[in-house]
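What the coordinates show
Read off the chains here:
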Amino acid sequence: MSMHTGTVYLVGAGPGDPELLTVKARRLLDDADVVCHDNLADDRIVESCPETTERMYVGKRPGPDGERTTQEEINCLLVRLAREGKDVVRLKGGDPTVFGRGGEEAEHLAAAGIDFDIVPGISSAVAAPAVAGIPVTHRDHASSVTFVTGHEDPTKAESALDWDGLAATVRAGGTLVILMGVRRLPDNVTALRNAGLPEDTPAAMIEKATRDDEFTVTGTLDTIVERRDEVGIEPPAVTVVGDVVSVRDRVAEFLEGAPSVGVPSFADAVVSERGVE
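Remember, it's a predicted structure, so these values are computed and weren't measured experimentally.

**Examining the sheet that holds strand S2 (residues 34–37)**
The parallel open sheet is built from five strands, whose spatial order is S3-S2-S4-S1-S5. Every other strand in the sheet has two partners, leaving strand S3 (54–57) and strand S5 (116–119) as the edge strands with one partner each. Across the sheet, the mean angle from the axis of one strand to that of its neighbour is 20°, orientation sign disregarded. Where strand S1 (residues 8–12) and S5 come together, four bridges link them in parallel fashion. Its bridge partner lying in S5, valine 8 is registered against phenylalanine 116. Packing of helix H3 (residues 71–83) onto the sheet brings it into contact with S1, S2, S3 and strand S4 (88–92), and relative to S4 it is tilted by some 155°. Sheet strands touched by helix H4 (residues 102–111): S1, S4 and S5. Its angle to S1, the strand with the most contacts, is close to 175°.

This is the structure:
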């Protein structure tokens, strides 16, 4: 074992576009001995590391056949590499502390006596709506924003999410952003509807935000599941619910970026690139 203990850097890779890396993140990637990256860190960022840098995949790909590295395995790996005297970048999509389990890793490193640093990244919770022309707050539409995970089953008896409260927040003019909720979108929509949120509440989904194949679909609580299925929205995607979605109607014509499908009120024409007629 090395007499020198390395440092672990919990680094946010941002939503995908390599140009959205922070300057500090870029420097650490260039200097690291090892980069441990997850499934959401864009390949272009990982591949931009020096050839001498060891790259280790520690992600969790979706599906029954996907590779899955447990959190315990990741925690132990980070400690082992640091104790070998290596400086390690733990590269995570978005921000390491926004549904990225960076807090758990920080606690584990501290308990093991390993020095670490947290390097914030641009979270897709904010970036995805923004690049789609949907500000999560707006003086005329929303004075609050709530971020929740979409993984959790809203029908389970002891949900950590208060769907009645979330619906009330949106009714009061707030914005709800759901991360990682593509598969459970029907359940989440049903939970919001059962909590009293009107069916005509604007909603949007942004797939692969800031990447070359970014795509946005908009609708309402009543139509967003059908719209998702029409164009085949796949993870990673962010769901936005609230009046701020309507801002996109007024800016979409001048917004640079990927094609999208809109609500019938402003975009009956749909996009052939996604096989929709």
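**Quick word on the side chain of glutamate 105**
With respect to the helices and strands, glutamate 105 occurs in helix H4. The exposure class of glutamate 105 is buried, given its relative accessible area of 0%. Here the side chain of glutamate 105 touches arginine 90 through a polar contact of 3.2 Å, side chain to side chain. Beyond its immediate stretch of four places on either side in the chain, glutamate 105 contacts Leu10, Gln71, Ile74, Asn75, Leu78, Arg90 and Lys92.

**Let's talk about unusual backbone geometry**
Cis geometry marks the peptide bond from proline 235 to proline 236, where omega comes out at 0°. Residue position: proline 236 is located in the loop between helix H8 (224–231) and strand S10 (237–241). The phi dihedral of threonine 210 falls on the positive side, at around 75°, and the residue is not glycine. Among the secondary structure elements, threonine 210 is positioned in the loop between strand S8 (202–207) and strand S9 (215–220). Residue classification places threonine 210 among the buried positions, given a relative accessible area of 12%.

Conventions and cut-offs
Residues numbered from 1 in each chain as written. Predicted model: local features only at pLDDT ≥ 70, side-chain atom pairs only at ≥ 80, totals over all residues. Heavy atoms only, no water. Pairing = 2+ DSSP bridges. Helix = DSSP H or I, 4+ residues; strand = E, 2+ residues; numbered from the N terminus. Axes fitted to C-alpha atoms, helices over the stretch in contact; angles between N-to-C directions. Contact = heavy atoms within 4.5 Å. Buried < 20%, exposed > 50% of the residue type's maximum accessible area, 1.4 Å probe, protein only. Polar contact = N/O pair within 3.5 Å; in protein donor to acceptor, adjacent residues only side chain to side chain.

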